[in-house]
Each structure stands twice: as structure tokens, then as C-alpha cells.
Amino acid sequence: MSSNGLIPQDVYLSFFMFTTNLKPHDHESRKRVLKHIKELTQIGYTGFEFPIAPSDNTDYSQEIQDYANLRRFLDDEGFRDVAITTNVGATPSCDPSSFDAEQRKQALQYLKARVDITAALRGEVMMGPIIVPYGAFLQDGNTPIWSDRLQDALARRYANAQPALQELGNYAEDKNVKLAIEPITHWETPGPNKLSQVLEFLEGVSNPQVGVVIDTAHEILDGEGPEIFAAQVSQLANDRRLHYVQVSAPDRGAVHTSWIPWESLFKPILAVYNGPVAIEVFNAIPEFVDSLRLSRRKFWIPGEDPENQYPSAYDIAQEAIKITRKKLTHIYNLD
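Cut-offs applied
Residues numbered from 1 in each chain as written. Predicted model: local features only at pLDDT ≥ 70, side-chain atom pairs only at ≥ 80, totals over all residues. Heavy atoms only, no water. Core = buried A, V, L, I, M, F, W, Y, C linked by side-chain atoms within 4.5 Å. Buried < 20%, exposed > 50% of the residue type's maximum accessible area, 1.4 Å probe, protein only. Helix = DSSP H or I, 4+ residues; strand = E, 2+ residues; numbered from the N terminus. Contact = heavy atoms within 4.5 Å. 1 Å grid on protein atoms, 1.4 Å probe; cavity = no way out; pocket = protein on both sides within 12 Å on 5 of 7 lines; lining within 4 Å. Points joined across faces, edges and corners; volume = space filled by probe spheres on them. Nonpolar A, V, L, I, M, F, W, Y, C, P; charged D, E, K, R; others polar.

- In the nomenclature of an unreviewed UniProt entry, the protein chain corresponds to Sugar phosphate isomerase/epimerase from the organism Oscillatoria acuminata PCC 6304.

## Section: the nonpolar core
Point 1. Judged by nonpolar contacts, the single largest core of 103 residues is most densely connected at Tyr45, Phe48, Phe50, Phe266 and Ile279.
Point 2. With 10 residues, the single largest contributor to this core is helix H10 (residues 313-332).
Point 3. Non-local contacts of phenylalanine 266, meaning those with residues more than four positions away in its chain, are made with Thr216, Val245, Val247, Leu328 and Ile331.

## Examining empty space enclosed by the protein
Point 1. The full count for this structure, using the stated rule, is 2 cavities of 30 Å³ or more.
Point 2. Its volume calculated, the largest cavity comes out at about 50 Å³.
Point 3. Where the lining of the largest cavity is concerned, the elements lending two or more residues are strand E8 (210-215) and helix H6 (216-222).
Point 4. The greatest single-element share of the lining of the largest cavity, amounting to 3 residues, is contributed by H6.
Point 5. Each residue belonging to the lining of the largest cavity can be placed in one class, and the counts come to 3 nonpolar, 3 polar and 4 charged.
Point 6. Quantified by volume, the second largest cavity comes out at close to 30 Å³.
Point 7. Every residue lining the second largest cavity is listed: Gly128, Pro129, Ile130, Ile131, Val132, Ile181, Glu182, Gly191 and Pro192.

As C-alpha cells, then:
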């Protein structure tokens, strides 16, 4: 059914299963990353999505070198062919949507450094909430704002961010890195929450190097239904802005036992896209249990946690790639 005659062969796993900070400068941390990659490539994963932790240091040269060293370490251990993408977010101190011009300038330098990190890892996609900082809900003084007031305030912030994202896209193009903006559900962040909001934002960013990542969890929770979604996917493809796709359960847990409308989501995607599909599981690691209010058990991490009778992180990863390949193959072969 795919117009280009191909089905996505590359399935990646997000390292949010294990950590939010790879600590690339630390040798023991690099060895843990290597161990997971060794195990998961045997399961069938061909790439990995690395979270790039925020940094308060405005001299990013050492940080970029640390990630280059991590890539070299993986290469030297026999994993040169493993692909890497990055997950990056704007931060409250580096906010391209800020009304403060100096902060927008700092945000642009920060995000350019993240592009450099992605390039140092030989990654071709940098995705995430790079317009408005993740979880930074807007307030009037100490009072949160919602609904019409929130959308009006966000419209002004989007206008602030558009010139920065245009410049960032031009910079990323020179580095062969695509930028994939993630619309994230309103439970987690103020905006953008919908594909339609990102599409409207992109009307003010002419470079198609700046595009979109579709995450099934967010589309299920905040999407506008299968007919509108199909039209949005078609528009993204026509505009050359569909850069990345993630499979994630609505509860951000196990994919194989979740409520994902595979056919409604992937039939329009597979008609126009054959890039990597990344599986994203937010494990119940300390960084997520409070912020996402995770009530489910942790998928214990081999080599880090005591073994128990519940599924391990590797078990969940294996089931996730199995169901993803099965569903994508079935949808691709539909008449």
C-alpha cells in the first residue's frame, strides 16, 4: 500500500526505558549504555533514541565532545551501524518562546548545541518539545491560565519562537539533522498539544528541515480523529515535514498490552513514510515516577535492579518490537 513500495524496517527503542541522562562523560555509564545496546540489538532493534539531558553550562564544547566520545566508544565496540536519534527539549532558562530577547538568544545557542550533539552521534533526527519548555505551564502571577487565555498566550509565544526555529532549521540543515517538533498531550505540557497546532506554527517556518514527530500516545489523547489525522499526515508528507514516528502506549508503559488503534494511525502513515519507528516506554525510574504519577510497577532493569517475578525492561522491549512489526506488516499488506 505504501506509495514508495517499502515498509519501515528500522525499529528503535527510546532510552527512557533506562534513564533520562546518559552521562556520556562517565565510563561506567557508557558501559551500561553498551550493555543495553548489545542485548537489544539481539532482540532486533536497529537504533536507539537517546535523551539529551539539559545543561546549565553555556560552554557546550565539552558536552559535545563527550557525546562524540560515546559514539566512538560504541563504534569501537562493534556498533558502528547502530543508528541514533536524540530527544531534546527546550528549558525554562533556554526558552525560544520567551518574551525576553536575551533568553531567546540563549535558547537558540542551546538548541544549536543539541544539533551539534546529534551530529556528533551521527544522528539524523533531533526530536522533542523544542518550542515551549516541557511541563512549563503558563501562569498569571501565581495563577495558572487555561483555555482561551492559554491559547491566546501560546499564540504570542509561538510567534516569538518562529524566527529562532527558522534559524535553527537552517543550522540543522547544514549538519544533516532534521528537527521533529513533538506535540505533547495537555496533561503533560501547555502546548503545542495537537498536530494542527504544530502545522499552524510551521506556517511561519519556511525551512522543511523543521518538521514533526508523530507520537501515538499523544495522538490518541489529544488528536482530532482518524479522518483529520489522515489529512494531516498527507499534508506533512507533501510538505516534506514528517520526520519521525514513535509508538507509545497512552500510559507510556507496555506497548503490547495497550489500547493503540494501529490501523487508524498507521494506515495513513505507511502510505507516505518509511523512516524509523521508535518505541517509547517511560519506565518507572526515579525521574518519571512523580512527574508522570506512575502507579504501575517498574520494569526491572537487568544488571541494575534485583530480578523479580515481574517483566523486565528487556521483556517489555521484546514484546514491543514483536507487536510493532506484526501490526505494521499486517497494515502494510491490507488491500
